[in-house]
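# Structural overview
If you want the building blocks of each chain, they are given just below.
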Amino acid sequence: MSYLTSTATGSASTDLGLGFGIPGYAHPLVAPLEWDELTRPGTPLHWVVLNVDKGPGARPDPRCLEATGRLRNAGVRVLGLLDSAYGARPFGEVISDARRHLDWYQADGFLLDRCPGERASLPETRRTVASLRELRDGAHIVLGHGTHPYPGYAENADQLVTFSGPWTDYRWSQVAEWTADYPSERFCHFVHGVPRGHLDEALRIARWQGASTIYFTDRSDHGGTADPWEAMPGYWDEIVSRIGTGVSE
């Protein structure tokens with residue numbers, strides 16, 4: 001397997017304190033069981049993303065407020081999704097969405113989805129992150145690149161999503177060498193289409209590549225026509241038991 005031959009994997013720990021980052025379930029009205037399951041004591045959650053129509057939505061939603069309130073009361077960090085559109089969205093629109101996440105749902109931080117990763121976009125991303133931290137003291141910032149970005153991005157966020165995609169790509173993926181300079185707590189992997197029989201292999205890849213925040217699901221994006229993160233994986237109980245009982249950060 002290519003992930004075992006990467007030069008950066010030798011520094012990876014075999015005990016990374018793996019936990020879940022939930023990319024964003026469907027609306028609580030559509031997926032009530034998913035949201036309820038997240039408050040089960042002992043589930044190793046690092047954070048949960050609130051995604052209402054690729055952001056905070058057009059108006060406050062009482063069901064979302066109730067769902068996020070239960071999570072926060074359980075000690076789980078809630079992140080508001082902000083769509084960067086790979087740098088195409090104006091700075092003011094992104095910050096306006098962040099304010100709504102804070103005003104309506106008391107977000108603990110943000111996932112900057114579809115974040116650009118090239119060197120030329122780093123100054124604007126740095127500006128955005130600095131402004132988000134000014135809006136909320138102690139905000140947890142995750143940059144959702146979905147692939148390995150220019151290394152400088154690692155200095156501007158709490159975590160980076162360095163893989164987001166299908167299992168068919170993940171099982172042969174390689175980790176960027178520069179990630180060995182950072183602890184595993186800085187990196188997240190989101191993988192869809194992972195068969196139940198390959199869960200152990202997927203967990204090994206995450207450990208060897210040095211990612212401690214993960215989300216694996218057997219749901220598929222059906223060639224880009226569906227959101228694989230909207231519903232809980234069919235093997236949720238099994239993967240929770242494999243990672244082990246933990247506490248929310």
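Here, every reference points to the structure presented above.
Bear in mind the structure is a predicted one, so any value in this text is a computation, not a measurement. (Residues numbered from 1 in each chain as written. Predicted model: local features only at pLDDT ≥ 70, side-chain atom pairs only at ≥ 80, totals over all residues. Heavy atoms only, no water.)

A few words on the overall build of the chain. Of regular secondary structure, the chain possesses seven helices and eight strands. With respect to the principal axes defined by its C-alpha atoms, the chain has extents near 50 × 40 × 35 Å. In the chain, which comprises 249 residues, the proportion classed as buried is 53%. Considering only contacts within the chain whose residues lie at least 6 apart along the sequence, 75% involve residues at least 24 apart. Entry remark: accessible area of the chain is about 11000 Å², with carbon and sulfur atoms responsible for 49%. Here the chain holds 23 positive side-chain charges and 32 negative ones, and the gap between their average locations is 2 Å. (Helix = DSSP H or I, 4+ residues; strand = E, 2+ residues; numbered from the N terminus. Buried < 20%, exposed > 50% of the residue type's maximum accessible area, 1.4 Å probe, protein only. Contact = heavy atoms within 4.5 Å. Areas by Shrake-Rupley, 256 points an atom, 1.4 Å probe, with all protein chains shown as cover. Lys, Arg positive; Asp, Glu negative; His and termini not counted. Charge placed at Lys NZ, Arg CZ, Asp CG, Glu CD.)

Right, let's talk about the packing of aromatic side chains for a bit. According to the stated counting rule, one finds 13 aromatic pairs in the structure shown. Aromatic pair W47 and F190: ring centres 6.1 Å apart, planes at 75 degrees, arrangement edge-to-face. With W47 in strand β2 (residues 45-50) and F190 in strand β7 (residues 187-192), this residue pair connects regions lying 143 residues apart in the sequence. Judged by its relative accessible area of 0%, W47 is buried. Under the relative-accessibility criterion, F190 is labelled buried at 5%. Their ring planes at 70 degrees and their centres at 6.0 Å tell us that Y215 and W229 sit as a pair that is edge-to-face. Taken together, the residues span a long stretch of sequence, with Y215 in strand β8 (residues 213-217) and W229 in the loop between β8 and α7 (236-243) at a distance of 14 residues. One exposure class covers both Y215 and W229, and it is buried. Members of the aromatic cluster, connected to one another through ring pairs, are Y25, W35, W47, F190, Y215 and W229. (Phe/Tyr/Trp six-rings, centres within 6.5 Å; stacked < 30°, edge-to-face > 60°.)

Looking now at the packing of helix α6 (residues 199-209) against α7. Direction vectors running N to C along α6 and α7 enclose 45 degrees, while the axes themselves pass 11 Å from each other. The orientation of α6 with respect to α7, classified from their angle, is oblique. Considering only the axes of α6 and α7, their crossing is right-handed. Contacts between α6 and α7 involve L199, D200 and L203 from the first element and E238, I239, R242 and I243 from the second. (Axes fitted to C-alpha atoms, helices over the stretch in contact; angles between N-to-C directions. Parallel < 35°, antiparallel > 145°, perpendicular 65-115°, else oblique. Left-handed = near helix turned anticlockwise from the far one by under 90°.)

Time to look at the packing of helix α3 (residues 91-105) against helix α4 (residues 122-135). Between α3 and α4, the least distance of the axes is 11 Å, while the angle of their chain directions is 25 degrees. Relative to α4, the element α3 is oriented roughly parallel. When the axes of α3 and α4 are compared, the crossing they make is right-handed. Every residue of α4 that contacts α3 at F91, V94, I95, A98, R99 and L102 is listed here: E124, R127, T128, S131, L132 and L135. When the residues that make up the contact of α3 with α4 are grouped by side-chain class, the tally is seven nonpolar, two polar and three charged. (Nonpolar A, V, L, I, M, F, W, Y, C, P; charged D, E, K, R; others polar.)

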